[in-house]
Amino acid sequence: MNKLIHESAICESTHIGNRTRIWAFAHVLPQAVIGEDCNICDHVFIENDVVIGDRVTVKSGVQLWDGVRLANDVFVGPNATFTNDKNPRSKQTPPFFLVTNVEEGASIGANATILPGITIGRSALIGAGSVVTSDVPPYAIVVGNPARISGYVGQNEDVVATHEEINDPQATINIAGRATLSGLTLATDMRGSLAAIEFASQCPFIPKRLFLVHNVPSKSVRGEHAHLECHQFLVAVAGSISISIDSGTKRETVVLSSPSSGLHIPPMTWASQFHFSSDAVLLVLASDEYKDADYIRDYETFLKLIKSASST
């Protein structure tokens, strides 16, 4: 096998992939599994129940405890801290350790802290020093303590839906090649403003369901799913909401901040809602009644369905 283990490292595992490098003063316990072409830097400790994929970089000062799973192409910055027990006590071992999954291509910044039992989604970015307390969606950029979503990887500048941006009921903007942002009918005079949706011309379906999303904490994320058949039409009745639109190959963010615009999200489009203002009220019209079987809640499954559909 073509691998490098520094003379000052302690590598007790025989499950080390080709071209992997384990540098000085690292310690790898016997049952750990490390894939090919990885770079395990100085002073890294890897416990037994740890699985590391291919092309993973683990920088100096990181400890990977039992239950940590790093998928292919993950980057872990210096002194990032993983945990596996929510209620640690000295000399008290829990019956099992919580599993923490870092999915393909995700990066964790220096000195970040990752609480146990969470999943960091594909290609997500964790900012330096962040404290991650809950699951991170695929491609999300999270920062702070507790970590909150500040944006999504690979997206263009926000498309802001205001009356000034879209002041024509016939105007449309394509979002990520899938969704459509459209102007609605708006009438304003000294008595106030009226926004209207003409279903025949402005909403591409006849709604069968209506619901309102409100009182959402600014740190929370809604959505994070796609639909197999259901269409949705979103309007910010009050406040502002950022919405990430993902076609499976392209991602963009739209900010709904006025009832003068509506966002049509067709089936097979992954959507997440975040950055709710304190007064935000989101109106959602749906083309069908609630059906749990119509939801795609796992992003990897969504990608497989998109790939399958494009190959037929």
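Keep in mind that what you see is a predicted model, and the values were worked out from it rather than measured.

Caption draft 1: Structural context of the pairing of strand 26 (residues 192-196). Where strand 25 (residues 185-189) meets strand 26, 5 bridges bridge the pair, whose relative direction is antiparallel. Across the sheet, D189 pairs through a bridge with G192, a residue of strand 26. Two successive antiparallel strands, strand 25 and strand 26, enclose a turn made up of 2 residues.

Caption draft 2: The arrangement of the pairing of strand 29 (residues 232-238) in detail. Of all 7 residues in strand 29, 5 are buried, a share of seventy percent or more. As defined by bridge partners, strand 29 adjoins strand 32 (residues 261-265) across 3 bridges and the pair is classed as antiparallel. Looking at strand 32, one finds that Q232 is bridged to I265. Where strand 29 lies against strand 34 (residues 281-286), 6 bridges are found, and the strand directions are antiparallel. Note that in strand 34 the partner of F233 across the bridge is L285.

Caption draft 3: Quick peek at the nonpolar core. With 49 residues, the main nonpolar core has I46, L64, L70, F82 and I120 as its most contacted residues. Residue assignment for this core shows that the elements contributing at least two residues are strand 11 (68-70), strand 20 (140-143), strand 21 (148-152), strand 33 (270-274) and helix 1 (299-311). Residue contributions to this core peak at 4 residues, all from helix 1. Setting aside its immediate chain neighbours within four residues, L70 contacts V51, I52, G53, V56, V58, L64, V76, F82 and V102. I175, L181, V216 and L234 belong to the second largest nonpolar core, which has 20 residues in total.

Caption draft 4: Structural view of the sheet that holds strand 14 (residues 100-102). Ordered in space as 5-8-11-14-17, the 5 strands form an open sheet in which the pairing is parallel. The open sheet is flanked by strand 5 (33-34) and strand 17 (119-120), the only strands paired with a single partner.

Caption draft 5: The pattern of salt bridges, seen in detail. Throughout the structure, instances matching the rule amount to 8 salt bridges. The partner of E36 in a salt bridge is R19, and the shortest N-O contact between them spans 3.2 Å. One end of the pair, E36, is in the loop between strand 5 and strand 6 (39-40); the other, R19, is in the loop between strand 2 (10-11) and strand 3 (21-22), and 17 residues separate them in sequence. Overall, the relative accessible area of 31% leaves E36 in the partly exposed class. Its salt-bridge partner being D73, residue R55 comes within 2.7 Å of it at the nearest N-O pair. In this pair, R55 sits in the loop between strand 8 (51-52) and strand 9 (57-58) while D73 sits in the loop between strand 11 and strand 12 (75-76), placing the two residues 18 residues apart along the sequence. With a relative accessible area of 30%, D73 lands in the partly exposed category. One network of salt bridges, in which partners are shared, links E104, R122 and E300.

Caption draft 6: How the structure looks around the packing of aromatic side chains. The tally for this structure, following the rule as stated, stands at 7 aromatic pairs. A centroid spacing of 5.8 Å and a plane angle of 75 degrees characterise the contact between Y139 and Y299, whose relative ring orientation is edge-to-face. With Y139 in the loop between strand 19 (131-132) and strand 20 and Y299 in helix 1, this pair connects stretches of sequence that are 160 residues apart. By the burial criterion, Y139 is buried, and Y299 matches it. Where W270 meets F302, the ring centres are 5.6 Å apart and the plane angle is 45 degrees; that geometry is what we call tilted.

Caption draft 7: Spatial organisation of helix 1. Between its first and last C-alpha, helix 1 extends 19 Å over 13 residues, near the 18 Å set by a 1.5 Å rise per residue. All buried positions along helix 1 are accounted for by Y299, F302, L303 and I306. Looking down the long axis of helix 1, one finds its buried residues gathered within 100 degrees of arc, a one-sided arrangement. Among the exposed residues of helix 1, those oriented more than 90 degrees off its buried face are K304 and S311. Where helix 1 is buried, its residues touch strand 28 (222-227), strand 30 (241-246), strand 33 and strand 35 (295-296).

Analysis parameters
Residues numbered from 1 in each chain as written. Predicted model: local features only at pLDDT ≥ 70, side-chain atom pairs only at ≥ 80, totals over all residues. Heavy atoms only, no water. Pairing = 2+ DSSP bridges. Helix = DSSP H or I, 4+ residues; strand = E, 2+ residues; numbered from the N terminus. Buried < 20%, exposed > 50% of the residue type's maximum accessible area, 1.4 Å probe, protein only. Core = buried A, V, L, I, M, F, W, Y, C linked by side-chain atoms within 4.5 Å. Contact = heavy atoms within 4.5 Å. Salt bridge = Lys/Arg side-chain N within 4 Å of Asp/Glu carboxyl O. Phe/Tyr/Trp six-rings, centres within 6.5 Å; stacked < 30°, edge-to-face > 60°. Expected span 1.5 Å × (residues − 1). Arc of directions from axis to C-beta.

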